[in-house]
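Results of the structural survey
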Amino acid sequence: MMLIAVATAVAQENRANYRVVPLPDRIDGIKDADFKLKGTTLVDYPTGNRDMERNAAMLSLYVEDLTGMHLSTRPVNTGNNHDCISLQLDPKMAGDEDYRITVTSRSVIIAGKTPAGVFYGIQTLRKSIPVVGKVDLVLLPAAQVAGSPRFGYRGMHLDCSRHFFSVETVKRYIDIMALHGMNRLHWHLTDDQGWRIEIKKYPRLAEVGGWRNGTTLGHNSPVNDGIRYGGYYTQEEIKEIVRYAADRYITIIPEIDMPGHMVAALTAYPELGCTGGPYEVWGMWGVAEDILCVGKDETLQFVNNVLDEVIQLFPGEYIHIGGDESPRVRWQECPRCQQRIVDLGLKATDHQSVEALLQGWFTTQVQQYLSEHGRRMIGWDELLGCNVDTTATIMSWRGAEPGSQGAMQGHDVIMSPVDPLYFDYYQTSKTWNEPTAFGGCNTLKKVYDFDPVADDLPADKRQHILGAQANVWTEYITCEPQIQYQVLPRMAALAEVQWLHPEDKDYQDFKKRLPHLVDIYKLYNWTYRAKSLIVESEDQEK
Ligand code: ACM
Ligand code: ZN
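In this report, we go over the structure that sits alongside the text.

**Side note on the overall build of the chain**
Scanning the chain from terminus to terminus reveals 18 helices and 21 strands. Rg of the C-alpha trace for the chain: 25 Å, near the compact-globule value of 24 Å for 542 residues, within the 12% margin. Projected onto the principal axes, the alpha-carbon positions of the chain cover approximately 90 × 50 × 45 Å. Taking all 542 residues of the chain together, the buried fraction comes to 60%. A fraction of 74% describes how many contacts in the chain between residues 6 or more apart in sequence connect residues 24 or more apart. When the accessible area of the chain is evaluated, it comes to approximately 21500 Å², of which 52% is carbon and sulfur surface. Across the chain, the 54 positively charged side chains and the 71 negatively charged ones have centroids separated by 5 Å.

Structure, rendered in structure tokens:
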């Protein structure tokens, strides 16, 4: 009797559960026996399709991580074999990233219109498998499971300027994104505290601008650690990371922040500033008054030359040019910038200074340059105050309202409002046992409840909201476990914001599904905020 009871318990533990995060749109049971996933199960993919071959290899690795079983992959010309997981392309499916998993006792078919859709099906199947150590059998209940993302832009951001993170750390961040069904990595590569991308035409950017002499402790305390700090990614490393991301259907959007947040570049090339310097790569946090001098033609040439190399490295459609937090005090004092204003005939309006219009002119030059090279520009929502045209995509950070206003004007918009999508903010109001964070309080529930499309946004403007992204600024984040702690499990909540329609979201249900996802975090030794799992509301935290 005892033995039978134990055997049953084990068998139940090894049963897949398709109610993963993000929740599939449909899970329809099929009257059939379970599919038996065993070490002899093959992963079939269409012969000659490199993307599907890689998908198959990745599924095999995931299953091995989860169960210890090593599934062999097999190129096939027809998809209908027994005892296999068959990866298939189905041109009749609706959306490029939609997936459909059909499990019968005979086989598992993971279908997508594109290899990306198949990849999301693979992620769903992966997440449905229990994490119970080495096993030689997992039962997959017969069912049809389907999912389709609500938004095409499902992003995470990572600031590698304030602190610098290794290629391995960035790759793991990409792995975490893939697990959560995300597809855009906004990579913040330049700022006052460090220039992190090798530019061959301007080697001092990385060699000089990539290093600071010390870092303030905490929130701009009077104590500076005096430790030289820095690093940068070579172009070869960047290509490797771009490839790694692309293999996981993640497009990297590089950000070269301009005209502000440029002290590292000015330290390397002081002639690009209004005063000519000297400048020093910052070891403190905040907004610097020294920005690019846009009165000089050389500055525009510099920006174009840098972008030439950036464009070569990043094949995605979008380049992010920042545009946030650019004080204009230097421009007000600079004869060249003032001359530019005169030459352009800029005239202040009730809401726009001539210097704001000068930023608009500069940004438009950059935008045109990108457009001539087949690229589109993203900038922070400050650009809405600078007269840029509606081909600029706006990233809304100072709340969601600027984004909604941008959408009303006809801009495409990505929502990443500080509240609740800044993941460098605290996850609780009880902060004393938390690692130092920027401030604020963006709980798991607040993230979950966020809707990127405001209720009052008219129906004909809604398509301008491309999606949502969480931002991870790293002033106070110094190491990889701390990055992971800040993003996990909030990324799980964001994944449901990005994939599910509001009527399908249910926080209590999400909380029930979350522990299994966390089992996968544990499997990979990722750090996460365990307290977010156990408390129903942050007020209950002691
Ligand atoms: C920003 O947080 N300065 C975009
Ligand atoms: Zn100037």
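Having seen the structure, we can now continue with the description.
**Quick look at the environment of M262**
Inspection of the secondary structure assignment puts M262 in the loop between β16 (251-255) and α7 (263-268). By relative accessible area, which is 1% here, M262 ends up buried. Remark: the alpha-carbon pair of M262 and D192, spanning 70 residues in sequence, is separated by 5.2 Å.

**Some details on the packing of aromatic side chains**
This structure, assessed with the given rule, holds 24 aromatic pairs. Relative to W499, the ring of Y99 has its centre 6.2 Å away and its plane inclined at 55 degrees; by these criteria the two rings are tilted. One end of the pair, Y99, is in strand β6 (residues 99-103); the other, W499, is in helix α16 (residues 490-499), and 400 residues separate them in sequence. There is no split in this pair, since Y99 and W499 are both buried. With a centroid separation of 6.5 Å and 55 degrees between ring planes, the pair formed by F438 and Y476 is classed as tilted. Of the two residues, F438 is situated in the loop between α13 (418-421) and α14 (444-449) and Y476 in the loop between β21 (465-470) and α15 (480-487); the sequence distance between them amounts to 38 residues. Assessed through its relative accessible area of 41%, F438 is described here as partly exposed. By way of ring pairs, the aromatic residues W285, W380, W397, Y422, Y425, F438, W473 and Y476 are connected into one cluster. When the ring centre of Y244 is taken as reference, the NZ or CZ atom of R248 above it lies at 3.6 Å.

**Looking at empty space enclosed by the protein**
Rolled over the atoms, a probe as big as a water molecule pinpoints where empty space is left. For the structure shown, the criterion picks out one cavity of 30 Å³ or more. Within this model, the largest cavity holds a volume of roughly 60 Å³. Every residue along the wall of the largest cavity is listed here: P22, L23, P24, Y99, Y120, Q123, T124, K127, G181 and W499. The biggest single contributor to the lining of the largest cavity is helix α3 (residues 115-128), with four residues. For the lining of the largest cavity, the per-class residue count stands at six nonpolar, three polar and one charged.

**Structural notes on the coordination of the zinc ion (ligand 2)**
Protein coordination at the zinc ion (ligand 2): the donors are C274 (SG), C293 (SG), C334 (SG) and C337 (SG), at 2.3 to 2.4 Å from the metal. Going along the chain, you hit the donors of the zinc ion (ligand 2) in the pattern C-x18-C-x40-C-x2-C. Within this pair, whereas C274 is found in the loop between α7 and α8 (297-313), its partner C334 is found in the loop between α9 (329-333) and α10 (335-344), the two being separated by 60 residues in sequence. Among the residues examined, C274 registers a relative accessible area of 14% and is labelled buried. Of the residues examined, C334 reaches a relative accessible area of 3% and is grouped as buried.

Procedures and definitions
Residues numbered from 1 in each chain as written. Chains lettered and ligands numbered in written order. Predicted model: local features only at pLDDT ≥ 70, side-chain atom pairs only at ≥ 80, totals over all residues. Heavy atoms only, no water. Helix = DSSP H or I, 4+ residues; strand = E, 2+ residues; numbered from the N terminus. Rg over C-alpha atoms; globule rule 2.2 N^0.38 Å. Buried < 20%, exposed > 50% of the residue type's maximum accessible area, 1.4 Å probe, protein only. Contact = heavy atoms within 4.5 Å. Areas by Shrake-Rupley, 256 points an atom, 1.4 Å probe, with all protein chains shown as cover. Lys, Arg positive; Asp, Glu negative; His and termini not counted. Charge placed at Lys NZ, Arg CZ, Asp CG, Glu CD. Phe/Tyr/Trp six-rings, centres within 6.5 Å; stacked < 30°, edge-to-face > 60°. Lys NZ or Arg CZ within 6 Å of the ring centre and 35° of its normal. 1 Å grid on protein atoms, 1.4 Å probe; cavity = no way out; pocket = protein on both sides within 12 Å on 5 of 7 lines; lining within 4 Å. Points joined across faces, edges and corners; volume = space filled by probe spheres on them. Nonpolar A, V, L, I, M, F, W, Y, C, P; charged D, E, K, R; others polar. Donors = N, O, S within 2.8 Å, 3.2 Å for Na, K, Ca; no water.

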